[in-house]
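The residues making up each chain are set out below.
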Amino acid sequence: MLRPYLAQTAMPASSPPGYELAMPLKPKLKITALAGGVGASKLLLGLYEVMDPADLTIIVNTGDDIVLHGLKISPDLDIVTYTLAGVVDPKKGWGVRTETFHALEHLATFGRPNWFNLGDRDLATHIHRTALLAEGKTLSQAANSIRKALGVKSRILPMSDDPIPTMIESNEGELHFQEYLVKRRTEPIVKGIRFAGVESAQPAPGVLEAIRESDRILICPSNPLISIGPILAVPKIRNELRARKEKVVAVCPIVGGKSLKGPSDKMLSQLGHKPSALGVAKLYTDFTGTFVIDPADKSQAPAITALGMRVAILPTVMKTLAQKRKLARTLLSLSL
């Protein structure tokens, strides 16, 4: 049976019995990260700071994408790009810092919906993306254009160039995820989740190769159902992860039974899963070799280990840049 290990960056004078210590940081690692939005962006920023960003590839959820006012909006792609570009609003974790909303306010005077916050500079991103798509470019090409323009050195890939909207089956009927999250403030009871069109979708160019060629794959602390779930649902991606299982490290987004960000705990409960580290681990068992939990959940380590995964016990709450860097550095130094 696998034993949990406590990852540390330095050899202590004495270590707890039954625990293995991480090896020193490797100088050059190719990393692929699977990511949602705000929760993932914290870890991604840490990685971007402590490694060569050119060696980092990020596969981003696009199930949150929506068309509003005739514009193609990709919230998670933009959150990740804005964060790594250093222009994100640090308080919200999304949008552009010191943003204004004059255009959105004026749209409301025409009776246009304004429940989805679109800042004035943010709108420029959506206009650019929509124009590129209208010219025949793919979502991947649009994402690449945006990240280059903003000076981001890491590769940012959508999970697919095909539209795969996340639809929430609720007690109020079927809702687009953004309607459930933003417009209805997660008030409807979730009865199911559907990724529309995923059966015929294909991974975006470079996605499978990134997983296949990386030294390790990180599953960011994002909602396992509607941030990581859509990526896993794209044909071939989950199988590729299974083939690299020993190199997959997943960071749990639940600490002490609560979400680090967003409605993960509520959605897990409503769909019959335990809102706990163990509950998330059960969703990732088939493709994850190492599961990272916060010290607050160390009592669950034996049960997670029994699922066939190694367990790393690390502080996963990232409120400061120093904490983001520390977790990123330690994840890179784990001995797999």
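Just so it is clear, the model here is predicted, and its values are computed rather than measured.

Student: Looking at this model, I keep getting lost on the sheet that holds strand 2 (residues 56–60). Mind explaining?
Tutor: Across a sheet, strands are paired by hydrogen bonds formed along the backbone, either parallel or antiparallel in direction. Reading across from one edge, 5-2-1-9-10-13-14 is the order of the 7 strands in this open sheet, with parallel pairing throughout. Looking at strand neighbours, the two that pair on one side only are strand 5 (155–158) and strand 14 (310–313), the edges of this open sheet. Direction aside, the axes of adjacent strands within the sheet are offset by 20 degrees on average. In this structure, strand 9 (residues 216–219) lies alongside strand 10 (residues 248–251), joined through 3 bridges in parallel fashion. Pairing of I217 across the sheet is with V248, part of strand 10.

Student: What should I look at first to understand the packing of helix 4 (residues 120–134) against helix 5 (residues 139–149) in this one?
Tutor: Geometrically, a packed helix pair is captured by the angle between its two axes and the distance between the axes. Two numbers describe how helix 4 lies on helix 5: the axes approach to 9 Å, and their chain directions differ by 140 degrees. As the angle between them shows, helix 4 and helix 5 are arranged oblique. Helix 5 is crossed by helix 4, and the crossing has right-handed handedness. Contacts between helix 4 and helix 5 involve T125, H128, R129, L132 and L133 from the former and L139, A142, S145 and I146 from the latter. Considered class by class, the residues forming the contact of helix 4 with helix 5 number 5 nonpolar, 3 polar and 1 charged.

Student: Is there a simple way to explain helix 13 (residues 321–333) in this structure?
Tutor: Side chains three or four residues apart in an α-helix point the same way, a direct result of the helix having 3.6 residues per turn. Relative to the 18 Å expected for 13 residues at 1.5 Å per residue, helix 13 spans 18 Å between its end C-alpha atoms, a close match to the ideal helical length. Looking at helix 13, one finds that the buried residues are K324, L327, A328, T330, L331, L332 and S333. Buried positions along helix 13 lie against strand 1 (31–35), helix 1 (38–50), strand 9, strand 10 and strand 13 (290–293).

Student: What am I meant to see in the pairing of strand 1 here?
Tutor: For strand 1, a buried count of 5 out of 5 residues is recorded, marking the element as mostly surrounded by other parts of the structure. Here 5 bridges tie strand 1 to strand 2, and the two strands are oriented parallel to one another. Bridging from a neighbouring strand, L34 pairs with I59 of strand 2. Each parallel crossover has a hand, and for strand 1 linked through helix 1 to strand 2 it is right-handed. Here strand 1 pairs with strand 9 via 4 bridges, running parallel. Bridging across to strand 9, T32 finds its partner in I217.

Each value, and the rule that gives it
Residues numbered from 1 in each chain as written. Predicted model: local features only at pLDDT ≥ 70, side-chain atom pairs only at ≥ 80, totals over all residues. Heavy atoms only, no water. Pairing = 2+ DSSP bridges. Helix = DSSP H or I, 4+ residues; strand = E, 2+ residues; numbered from the N terminus. Axes fitted to C-alpha atoms, helices over the stretch in contact; angles between N-to-C directions. Parallel < 35°, antiparallel > 145°, perpendicular 65-115°, else oblique. Left-handed = near helix turned anticlockwise from the far one by under 90°. Contact = heavy atoms within 4.5 Å. Nonpolar A, V, L, I, M, F, W, Y, C, P; charged D, E, K, R; others polar. Expected span 1.5 Å × (residues − 1). Buried < 20%, exposed > 50% of the residue type's maximum accessible area, 1.4 Å probe, protein only. Right-handed = clockwise from strand over helix to strand, strands pointing away.

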